[in-house]
Amino acid sequence: QLVESGGGLVQAGDSLRLSCAASGRIRNIVFLGWWRQGSGKGREFVAGVRTSSGDTYYADSVKGRFTISRDSENMVYLQMNILQSEDTAIYYCAAATRDYASDRIYYGPGVYDYWGQGTQVTVSS
């Protein structure tokens, strides 16, 4: 019900834009997040947006290089600039439908209800 696209093989310093389409079956999305998992690593929060306010959040490792945005109820994007080899990972889109008082809770994977299948991003140095 979440479908990512836009991954690929790029060189260090290049840009990519990932897209995530949410099925209309998913109702009342409170928070949308982008996550990634590199080879042999755990799943890592990359960026997120609260749908009601548009407030955005980023991992320190991508601040200033990545931008999360939405243009509708069902589409969310991740613009990735100045890509580095450390950004190589499978990138996942995730949606949370439960509303929590603090947005910090969305930095943990357990509160998300829906996950996409992932799209591979490979950055060659």
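Because the structure is a prediction, the values reported are computed rather than measured.

Caption draft 1: Spatial organisation of the side chain of Arg 65. Considering the arrangement of structural elements, one finds Arg 65 in the loop between strand S6 (56-58) and strand S7 (66-70). Each residue touching Arg 65, except ones within four places of it in the same chain, is listed here: Gln 79, Met 80, Asn 81, Ile 82, Leu 83, Gln 84 and Asp 87.

Caption draft 2: Highlighting the nonpolar core. Residues Trp 34, Leu 78, Met 80 and Tyr 91 are the most contacted members of the largest nonpolar core, which totals 28 residues. When sequence neighbours within four positions are dropped, the list of residues in contact with Leu 78 reads Leu 16, Arg 17, Leu 18, Trp 34, Val 46, Ala 47, Phe 66, Thr 67, Ile 68 and Tyr 91. In this structure, Val 30, Trp 35, Tyr 92 and Tyr 106 belong to the second largest nonpolar core, which totals 10 residues.

Caption draft 3: The arrangement of the packing of aromatic side chains in detail. Using the criterion set out here, one finds 11 aromatic pairs in the structure. Note on Phe 31 and Tyr 112: the rings are 6.5 Å apart at their centroids and 70° apart in plane angle, and the pair reads as edge-to-face. In this pair, Phe 31 is assigned in strand S4 (residues 31-37) and Tyr 112 in the loop between strand S9 (89-96) and strand S10 (114-115), connecting sequence segments 81 residues apart. One exposure class covers both Phe 31 and Tyr 112, and it is buried. Considering the side-chain rings of Trp 35 and Trp 115, the 5.7 Å spacing of their centres and the 65° angle between planes classify their relative orientation as edge-to-face. Pair noted here: Trp 35 is in strand S4 and Trp 115 is in strand S10, with a separation of 80 residues, a long-range link. Given the relative accessible area of 1%, Trp 35 is considered buried. Note on Trp 115: relative accessible area 27%, which makes it partly exposed. Every member of this aromatic cluster is reached through a ring pair, and the members are Phe 31, Trp 35, Phe 45, Tyr 57, Tyr 100, Tyr 106, Tyr 107, Tyr 112 and Trp 115. In this structure, Arg 17 is placed above the aromatic ring of Tyr 77, and the distance from its NZ or CZ to the ring centre is 3.9 Å. One residue, Arg 104, lies across the ring of Tyr 107, its end atom 4.2 Å from the ring centre.

Rules used throughout
Residues numbered from 1 in each chain as written. Predicted model: local features only at pLDDT ≥ 70, side-chain atom pairs only at ≥ 80, totals over all residues. Heavy atoms only, no water. Helix = DSSP H or I, 4+ residues; strand = E, 2+ residues; numbered from the N terminus. Contact = heavy atoms within 4.5 Å. Core = buried A, V, L, I, M, F, W, Y, C linked by side-chain atoms within 4.5 Å. Buried < 20%, exposed > 50% of the residue type's maximum accessible area, 1.4 Å probe, protein only. Phe/Tyr/Trp six-rings, centres within 6.5 Å; stacked < 30°, edge-to-face > 60°. Lys NZ or Arg CZ within 6 Å of the ring centre and 35° of its normal.

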